Amino acid sequence: MDLVLRPGRADDAVDCGRICFDAFSGIAREHGYPSSIPGVEEATGMLKMMLSHPGFYSVVAEIDGRIAGSNFLDERSPVVGVGPITVDPGAQNGGIGRALMRDVMDRAAARRVPGIRLLQSGYHRRSFALYAGLGFEFRETAACMQGPPIGGTVPGFEVRPATDADLGACDDLCRRVHGVDRGGELADAVRAGTARVVEHGGRITGYATDLSFFAHAVGESTEDVKALIASAPAFGGPGILVPARDSALLQWCLARGLKVSELMSVMTIGLYNEPAGAYLPSVSY
């Protein structure tokens, strides 16, 4: 086997998208779960965006000149997020996944980033072992939740679309809760029109880049995050990721018709602060 790792290119999206879908759907099917990626077209579109965006680092694995897998590093904010990492089902368990992980970890080390994070499907024991063996520490469990929009409000907490003028306050809030901001992701979401903020007592006390699998939210309190969830017209992709330790938020979501589809592990290397508030991670972290 002649394994070569190289930077990803925009024209890799079709091959990488097919592998991404095949890998995720195959592993999910093997464990009796629905795939987090609904189809090849969706996988290709997602990876095309990441391969073309200057805020993402990408690496592609080739075996004898054919693409066999890929991995990504979201570098839009000070702490970086890994994934999606996927390997062609016909080439799995041959060390390609480890090589792809080593590559993005080397990239993070070269850039001297303070921390690396990822979320891992709780049912996939092999990937958990891979990440733990590479030095990632388990931090907590997040419940992926999906269901009909709640369509309500939380008294005293007003939700509105976010604007560029809100970026500074939102970044300050994220630093208070997590010790680091996610400003690059938030700025992208404001440009895309998906970001929203919650105001309480005349100031911004929470924000969300969207309410979806690929988005995150931060709030001073659980009530702030409840207000953001209640305002969402839908929950994108497989759903939102709710930290299982936030029992009040988890039970509130369950009482309003959201259901748990799977559990995921939050894993980190480097800088990590116990959250000093409420939050929803994205599938990256």
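Note that the structure is predicted; figures quoted are calculated from it, not measured. (Residues numbered from 1 in each chain as written. Predicted model: local features only at pLDDT ≥ 70, side-chain atom pairs only at ≥ 80, totals over all residues. Heavy atoms only, no water.)

Peer 1: Which parts of the structure should I look at to understand a nonpolar patch on the surface?
Peer 2: Residues Leu-254, Val-260 and Leu-263 make up a contiguous nonpolar surface patch of roughly 250 Å² in combined accessible area. Topologically, Val-260 is positioned in strand 13 (residues 259-270). Under the relative-accessibility criterion, Val-260 is labelled partly exposed at 41%. (Patch = residues over 30% accessible without salt bridge, like charges linked within 9 Å, V, L, I, M, F, W, Y side chains within 5 Å. Areas by Shrake-Rupley, 256 points an atom, 1.4 Å probe, with all protein chains shown as cover. Salt bridge = Lys/Arg side-chain N within 4 Å of Asp/Glu carboxyl O. Helix = DSSP H or I, 4+ residues; strand = E, 2+ residues; numbered from the N terminus. Buried < 20%, exposed > 50% of the residue type's maximum accessible area, 1.4 Å probe, protein only.)

Peer 1: I'm lost on helix 7 (residues 222-231) in this one. Help?
Peer 2: An α-helical turn contains 3.6 residues, so a residue and the one three or four places further along point in the same direction. Most of helix 7 sits inside the fold, with 8 of its 10 residues counted as buried. Looking at helix 7, one finds that the buried residues are Thr-222, Asp-224, Val-225, Lys-226, Ala-227, Leu-228, Ile-229 and Ala-230.

Peer 1: So what exactly am I meant to see when it comes to the side chain of Glu-75 here?
Peer 2: With respect to the secondary-structure elements, Glu-75 resides in the loop between strand 3 (66-74) and strand 4 (80-82). Not counting chain neighbours up to four residues away, the residues in contact with Glu-75 comprise Gly-55, Tyr-57, Val-80, Arg-107 and Arg-111. (Contact = heavy atoms within 4.5 Å.)

Peer 1: Quick question: what am I supposed to make of the nonpolar core here?
Peer 2: The tendency in soluble globular proteins is for nonpolar side chains to be buried as a group. In terms of nonpolar packing, the biggest core is built from 25 residues, with Ile-96, Met-101, Ile-116, Tyr-131 and Phe-136 touching the most fellow members. If you list the elements that add at least two residues to this core, you get strand 2 (56-63), strand 3, strand 4, helix 3 (96-110), strand 6 (115-121) and helix 4 (125-133). Considering each element in turn, this core owes the most residues, 6 residues, to helix 3. Non-local contacts of Met-101, meaning those with residues more than four positions away in its chain, are made with Asn-71, Val-82, Ile-85, Leu-118, Leu-130, Tyr-131, Leu-134 and Phe-136. The next biggest cluster of nonpolar side chains, apart from the first, holds 24 residues, and it includes Ala-143, Val-225, Phe-235 and Leu-280. (Core = buried A, V, L, I, M, F, W, Y, C linked by side-chain atoms within 4.5 Å.)

Peer 1: How should the sheet that holds strand 11 (residues 217-219) be read in this particular structure?
Peer 2: Sheet strands pair via backbone hydrogen bonds, and the direction of the pair is either parallel or antiparallel. Taken in spatial order, the 5 strands of this open sheet run 8-9-10-11-14, and their pairing is antiparallel. Looking at the sheet topology across the chains shown, the edges are occupied by strand 8 (158-161) and strand 14 (278-280). Shown here is a sheet whose adjacent strand axes are inclined to one another by a mean of 25 degrees, direction ignored. Sheet topology places strand 11 next to strand 14; 3 bridges connect them, and they run antiparallel. Within strand 14, the position partnered with Ala-217 by the bridge is Leu-280. Contacts from helix 5 (residues 167-178) reach strand 9 (196-200), strand 10 (203-208), strand 11 and strand 14 within the one sheet, and its direction differs from that of strand 10 by about 80 degrees. Running at roughly 135 degrees to strand 9, helix 7 makes contact with strand 8, strand 9, strand 10, strand 11 and strand 14 of the sheet. (Pairing = 2+ DSSP bridges. Axes fitted to C-alpha atoms, helices over the stretch in contact; angles between N-to-C directions.)

Peer 1: Can you walk me through the pattern of salt bridges in this structure?
Peer 2: For side chains of opposite charge, pairing can occur when their charged atoms come near one another. As enumerated under the stated definition, the model contains 23 salt bridges in all. Ionic pairing is found between Arg-6 and Glu-62, a salt bridge with its closest N-O pair at 2.9 Å. Note that Arg-6 is positioned in strand 1 (residues 3-7) and Glu-62 in strand 2, a separation of 56 residues in sequence. The class for Arg-6 is buried, based on a relative accessible area of 13%. Relative accessible area serves as the criterion here: at 16%, Glu-62 is assigned to the buried category. Salt-bridge contacts for Glu-140 lead to Arg-245; the nearest nitrogen and oxygen are separated by 3.0 Å.

Peer 1: I would appreciate a short explanation of empty space enclosed by the protein in the present structure.
Peer 2: The rolling of a water-molecule-sized probe over the atoms marks out the regions of remaining empty space. One pass over the full model with this rule turns up 2 cavities of 30 Å³ or more. Counted as a void, the largest cavity has a volume near 110 Å³. What lines the largest cavity is simply Arg-117, His-178, Val-180, Arg-182, Val-266, Tyr-272, Pro-275, Tyr-279, Pro-281 and Tyr-285. Its residues placed into classes, the lining of the largest cavity shows 7 nonpolar, 1 polar and 2 charged. Its volume calculated, the second largest cavity comes out at about 40 Å³. Residue lining of the second largest cavity: Asp-210, Leu-211, Ser-212, Ala-215, His-216, Ala-217, Ile-240, Leu-241, Leu-280 and Pro-281, and that is the complete set. (1 Å grid on protein atoms, 1.4 Å probe; cavity = no way out; pocket = protein on both sides within 12 Å on 5 of 7 lines; lining within 4 Å. Points joined across faces, edges and corners; volume = space filled by probe spheres on them. Nonpolar A, V, L, I, M, F, W, Y, C, P; charged D, E, K, R; others polar.)

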